[in-house]
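Remarks on the overall topology
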Amino acid sequence: VIYTDARSNMLVNADGLNLDVKYLKRPSTKIARLFAYAHLRVYDGGREDDLAVIDIIRKRNIQVLFCNFTFFGRLLRSVKREFPGLRVISLAHDMETMHRIGGWKAAGWLSVDKIPLVLATYFSELMQVRRSDVLVCLNDRDSRLFGKYCGRAADFISPIVVGDKEGEGNLSANVKHGDFG
């Protein structure tokens, strides 16, 4: 089972891999988002998503759950209660809490409407890290952040970014943040 963000196209071509992909619902209104954040749910649609994942695990006799982000703490709480022996692997693209704090800082510290998102993200991330059997980070910096703020560093670091080849110049110096073209 792979549980991923509905906006992600990473798994659209999973044909032939025999994977069940559960896409999340993102709360669409400010009131819905505040309600979700108050329940420590950052992106998912609530209890019905939990039950849908539990149903897939039960029907397919799934032994390993792969989480493609680290803000599914409430989901994992429900899943682990139902299947305590299920192995959970969490891939941390980054520490989502730090990403949210960066967004809050960019919006201005007085943007108090960002506080519920930051808090929900942190506590959800903390719950997920504690319930994961394996935590994979993409770099050592994020592993250290998880160790500092969640009490657990990565079990495995799987970098997907490689340095510039010698002799080709500093390619990354010419790319601005957010410039993918």
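This one's a predicted model, so the numbers in the text were calculated from it and none came from an experiment. (Residues numbered from 1 in each chain as written. Predicted model: local features only at pLDDT ≥ 70, side-chain atom pairs only at ≥ 80, totals over all residues. Heavy atoms only, no water.)

A count of helical and extended segments in the protein gives six helices and six strands. Its helices and strands taken in sequence order, the protein reads β-β-α-α-β-α-β-α-α-β-α-β from the N to the C terminus. Sequence-distant contacts, at least 24 apart, represent 56% of the contacts inside the protein between residues at least 6 apart. As presented, the protein carries roughly 10800 Å² of accessible surface, and 57% of it is formed by carbon and sulfur atoms. (Helix = DSSP H or I, 4+ residues; strand = E, 2+ residues; numbered from the N terminus. Contact = heavy atoms within 4.5 Å. Areas by Shrake-Rupley, 256 points an atom, 1.4 Å probe, with all protein chains shown as cover.)

What follows covers the pairing of strand S3 (residues 64–67). Every other side chain in a regular strand lies on the same face of the sheet, so the side chains alternate between the two faces. Side chains Leu65 and Cys67 of S3 all project onto a buried face; the interleaved residues Val64 and Phe66 project onto a face where none is buried. Sheet topology note: the S3/strand S4 (residues 87–92) ladder contains four bridges and is parallel. The partner of Cys67 across the bridge, within S4, is Ser90. Read as a crossover between parallel neighbours, the route from S3 over helix H3 (residues 73–82) to S4 is right-handed. (Buried < 20%, exposed > 50% of the residue type's maximum accessible area, 1.4 Å probe, protein only. Pairing = 2+ DSSP bridges. Right-handed = clockwise from strand over helix to strand, strands pointing away.)

Inspection of the sheet shows S4 paired to strand S5 (residues 134–137) by four bridges, in the parallel sense. Within S5, the position partnered with Ile89 by the bridge is Val134.

Judged by side-chain polarity, Val112, Ile115, Leu119 and Phe123 come together as a nonpolar surface patch covering roughly 340 Å² of accessible area. Here Val112 is to be found in the loop between helix H4 (96–107) and helix H5 (115–131). (Patch = residues over 30% accessible without salt bridge, like charges linked within 9 Å, V, L, I, M, F, W, Y side chains within 5 Å. Salt bridge = Lys/Arg side-chain N within 4 Å of Asp/Glu carboxyl O.)

Counted under the stated rule, the structure contains three aromatic pairs. Considering the side-chain rings of Phe69 and Phe71, the 5.4 Å spacing of their centres and the 10 degrees angle between planes classify their relative orientation as stacked. In this pair, the class of Phe69 matches that of Phe71, namely buried. With 5.0 Å between their ring centres and 80 degrees between their planes, Phe71 and Phe72 make a pair best called edge-to-face. (Phe/Tyr/Trp six-rings, centres within 6.5 Å; stacked < 30°, edge-to-face > 60°.)

Enumeration according to the criterion identifies seven salt bridges in this entry. The salt bridge partner of Asp133 is Lys80, with a shortest N-O separation of 3.3 Å. With Asp133 in the loop between H5 and S5 and Lys80 in helix H3, this pair connects stretches of sequence that are 53 residues apart.

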